[in-house]
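# Topology and contacts: notes
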Amino acid sequence: MNFLSKITGSFSTPSAANPTVAMVEAAYKHHGLDFRYLNCEVLPKDLEAAVKGARAMNWVGFNCSLPHKVEVIKFLDGLGESAKLMGAVNCVVLRDGKYIGENTDGKGFLKSLKSIIDPAGKSIAILGAGGAARAIAVELALENASRITVVNRDQNKGKDLVDLINNKTKCKSEFKDWSTKFEVPDHVQILVNATSIGMSPDIDARININPDSFRADLVVADVIVNPPMTNLLKDAKAKGCQIVDGLGMVINQAVLGIKFWTGEDVDPEVMRKKLLEVL
Ligand code: NDP
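From a predicted model like this one, the values you see are computed outputs, not experimental measurements.

## Brief notes about the sheet that holds strand β8 (residues 147-152)
Strand order in the open sheet formed by six strands is β9-β8-β7-β10-β11-β12, with parallel pairing between adjacent strands. Of all the strands in the sheet, the pair left with one neighbour each is β9 (172-177) and β12 (242-244). Averaged over all pairs of adjacent strands, the angle between their axes in this sheet comes to 20°, without regard to strand direction.

## Here's the deal with the domain arrangement of the protein
Note: interface size is frequently given as the accessible area lost on complex formation between the parts. When cut into domains, the protein gives domain 1 (3-103 + 249-278) and domain 2 (107-245). In this complex, domain 1 contributes 13 residues to the contact, which on the side of domain 2 involves 17 residues. Across the domain 1/domain 2 interface, buried area totals approximately 1,300 Å², and carbon plus sulfur atoms make up 68% of it. For domain 1, the biggest contributors to the area lost against domain 2 are L85, M86 and M249; these three give 50% of the whole. Our count for the domain 1 to domain 2 interface comes out at zero salt bridges. Our enumeration of links across domain 1 and domain 2 arrives at four residue pairs in polar contact (both at pLDDT 80 or more).

Analysis parameters
- Note on numbering: residues in each chain are counted from 1, in written sequence order.
- At least 70 in pLDDT is required for a residue's local features to be given in this predicted model, at least 80 for side-chain atom pairs to be given and counted, and no such filter applies to totals for whole chains, interfaces and linings, which use all residues.
- The basis for the side-chain values is all heavy atoms of the structure; hydrogens and waters are excluded.
- Here, any two strands with at least 2 DSSP bridges between them count as paired.
- For helices the rule is a DSSP run of H or I covering at least 4 residues; for strands it is a run of E covering at least 2, with both sets numbered from the N terminus onward.
- Axis lines are fitted to C-alpha atoms, over the contacting stretch for helices. Their N-to-C directions set the angle, which ranges from 0 to 180 degrees.
- The source of the domain bounds is an automatic or database domain assignment.
- Contacts are residue-level and defined by heavy atoms, with any inter-residue pair within 4.5 Å sufficient.
- By convention, the term buried area covers the 1.4 Å-probe accessible surface removed from two parts as they join, with the contributions of both added.
- Any Lys or Arg side-chain nitrogen located within 4 Å of an Asp or Glu carboxyl oxygen qualifies as a salt bridge.
- Polar contact criterion, stated in full: a pair of N or O atoms within 3.5 Å, where within protein one must be able to donate a hydrogen and the other to accept it, and residues adjacent in sequence count only if both atoms are side-chain atoms.

In structure tokens form, the structure reads like this:
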């Protein structure tokens, strides 16, 4: 590495813990890529200036964490297909001198899920309707899932996501109110937790769901990275379900980001090892 290494990075708020730095830098080092990944603390009021700064310094791209994923769009030059549908960007890429916003959250999840099951033609229930749920639902719909049931406490947010899928994709979607214990319906083949329940430090928190409704042929996925083995996944495993943890999603979204920025396919195992080391 030298002081003219190509720069990539992340715009995060001061409170955001960012294990991505260690993970991405480990991949750059392992593959001898002359790139750096810097975590920059950017307050919402400074986001425009930060993007201008990245342009001025010719950064080849950067990630955006909450709360910048939507706001950043107005400072970019264009959007990729799924980022346009979701209305959220977590990865910016310099292409022909233009900053194009992409969303790799859902794509990272998809890659991880596809190592177990192809979502095409499947009926899927998603718990949650926030940013992660939106990214995952849009990618699953674009991947030809047949039916997506959105289960959420906040009805407006849940119905918004359902409308997005029904109006902008070929997939059918419906809303399920989450005021009582959720029973996984028989038609559901894949269950995804896209809420923050189970995330450290609240690792004992329980999702309002009946594990007795988990069939052994159900695939259960969780977005939680830390700890990767959540109570939901433990319950699912005990019922004989195949499980997908949140580590794959975070690693795969970084693999995709690095591919966008450097053109290289990096080894996900190098990043998994580093991530487990820093978590
Ligand atoms: P948001 O704040 O946008 O959304 C959170 C969602 O969780 C909302 O739908 C909210 O419901 C729901 N929720 C939170 N607490 C509860 C509860 N006690 N009971 C029922 N529903 C609840 O967050 P994000 O979507 O951005 O992130 C969600 C999780 O995904 C986080 O833990 C984040 O770390 C993880 N994530 C993981 C990634 C990975 O690579 N593995 C990538 C991105 C995110 P309501 O609308 O009713 O309030």
